[in-house]
Amino acid sequence: MAFCIILPIISVNYTFGRIDELNLTRMAIISLPYLSIVIPYFLYKKYKNNLLLTIIFVLIFIYAIYSPLMKLPSKYLNKHFIKQETILSNTGNAYIEDKERAEELKEFLNDNSAPEDVFLDITNSGLLYLLLDKKIPVKYVSYYNSITTEQALNSTEKLKSNPPKIILIGSTMVVYHDKIFPTYRIPQIIKWILLRNNYKFVLKDYNAFLVKTDETANYSQDELKMLDFFFLFVKGTPKERQNLQRLPEVWADSINTLPMREVELNYEKEIEEINEINEINENESEITVKFDYPQNGEDLDLIYVNPDNLTDIEYMIYENNSETKVICKSKNGSVLIPLDIVPSWILNKDLKTITIRINKKLNSGVKIKFFKRNSSFEI
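These remarks concern the structure in this document. (Residues numbered from 1 in each chain as written. Predicted model: local features only at pLDDT ≥ 70, side-chain atom pairs only at ≥ 80, totals over all residues. Heavy atoms only, no water.)

Some thoughts on the packing of aromatic side chains
Heads up, the condition is: Classification of ring pairs uses Phe, Tyr and Trp, with its six-membered ring standing for Trp, and accepts pairs whose centres are within 6.5 Å; under 30 degrees between planes counts as stacked, over 60 as edge-to-face, and the remaining range as tilted. Working definition: helices are DSSP H or I runs of at least four residues, strands are E runs of at least two. Numbering for both runs from the N terminus. Note on exposure labels: buried denotes an accessible area under 20% of the residue type's maximum, exposed denotes more than 50%, and partly exposed covers the range between, all computed with a 1.4 Å probe on protein chains only. In our convention, an over-ring charge means Lys NZ or Arg CZ found within 6 Å of a ring centre and within 35 degrees of that ring's normal.
Counted under the stated rule, the structure contains five aromatic pairs. Where F108 meets F209, the ring centres are 3.9 Å apart and the plane angle is 5°; that geometry is what we call stacked. Placement of F108 in helix α4 (residues 99-112) and of F209 in strand β6 (residues 207-212) is noted, with a sequence separation of 101 residues between them. Accessibility assignment for this pair places F108 and F209 in one class, buried. Ring geometry for F229 versus F230: centroids 5.0 Å apart, planes at 90°, classification edge-to-face. Looking at F229, the relative accessible area reads 23%, which means it is partly exposed. K325 extends its terminal NZ or CZ atom over the ring of Y318, reaching a point 5.6 Å from the ring centre.

What about the sheet that holds strand β8 (residues 260-263)?
Note the threshold: Note on pairing: two strands pair once DSSP finds at least 2 bridges between them. The axes are straight lines fitted to the C-alpha atoms, using for helices just the contacting stretch, and the angles between their N-to-C directions are given from 0 to 180°.
Across the sheet, four strands lie side by side as β8-β16-β11-β14; this open sheet has antiparallel pairing. Either end of the sheet is taken by a strand with one partner, and the two such strands are β8 and β14 (335-338). The average angle at which neighbouring strand axes cross in this sheet is 35°, direction not considered.

So, the environment of E150
Locating E150 in the fold gives a position in helix α6 (residues 149-161). The class of E150 is exposed, set by a relative accessible area of 65%. Separated by 224 residues in sequence, E150 and N374 place their C-alpha atoms 9.4 Å apart.

Next up, the structure:
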């Protein structure tokens, strides 16, 4: 009996090897009826002579049945049902959860492109290709499945031969599972798009687009902030949005096996102690990396940082001309910081300084190395 109770409880967020933070999703849903129906039934069979426990078990059972039934009218009988008058394609009598948003996208495409123009979605909303009657321009519909070097090069080659007219880059309506945003998964593809310098940023309702033009794109500071927002952060508090948590530490641990190559760059390194209360800690160190000549998205992808003899470090990385800051932490001290995940950094042609703050005083030196991904490309 104890095993039957403990097993589903520990499997709610860890089912079939998958971690779904703070909610019940996918295979973890199987645990819900098991917890609320099967277990109460067996407990009732064993303890049915106990009136209090019987009442509790019956209430749990009623709630388990009642709760999903009450969601049916709002989910399946509301105004979102597809009807004959919709401007969307290939819908039949299907239920579309965000019907209004999909219709807004269809209207935007009708107003800003021709039917034969290429459309690219990088919000992981693959159903849009069907609803908008567009062919998928790359081999992999989901950016979750475009992360290897071969996949990234395949996608960029296809985009180079047939550049998209309109790219959906983000939406406040999109839910990013696992808090993994497109730039973490497909930085090479996004960097190729941005460095072409012929896409203008357009914000329409809840959706953000890049629209191909015949002119060179010159993004304003506000537009750069919006690119960072939609490509990277979208929801949550500022620290939640900017926090890579321990991903850079994991990448640093795999530095010898990752598909990248070290590059030699001329730079100066300055280390300064900061003895005042600020964003990370009262006693910080600031490591400033000053390059001899500007580094933009074509020259540099990642920086490896390893302070000597320090552990349990919190990092904050920023570039002086951008308001975006990236936060991460490392138990063993070393991190591999991706510079190519921040659009405003990629597009800064005058990037000569990267500042790295840590929440400890540096007792000795710090190792710094620079890397390019093997999936780098020519524009």
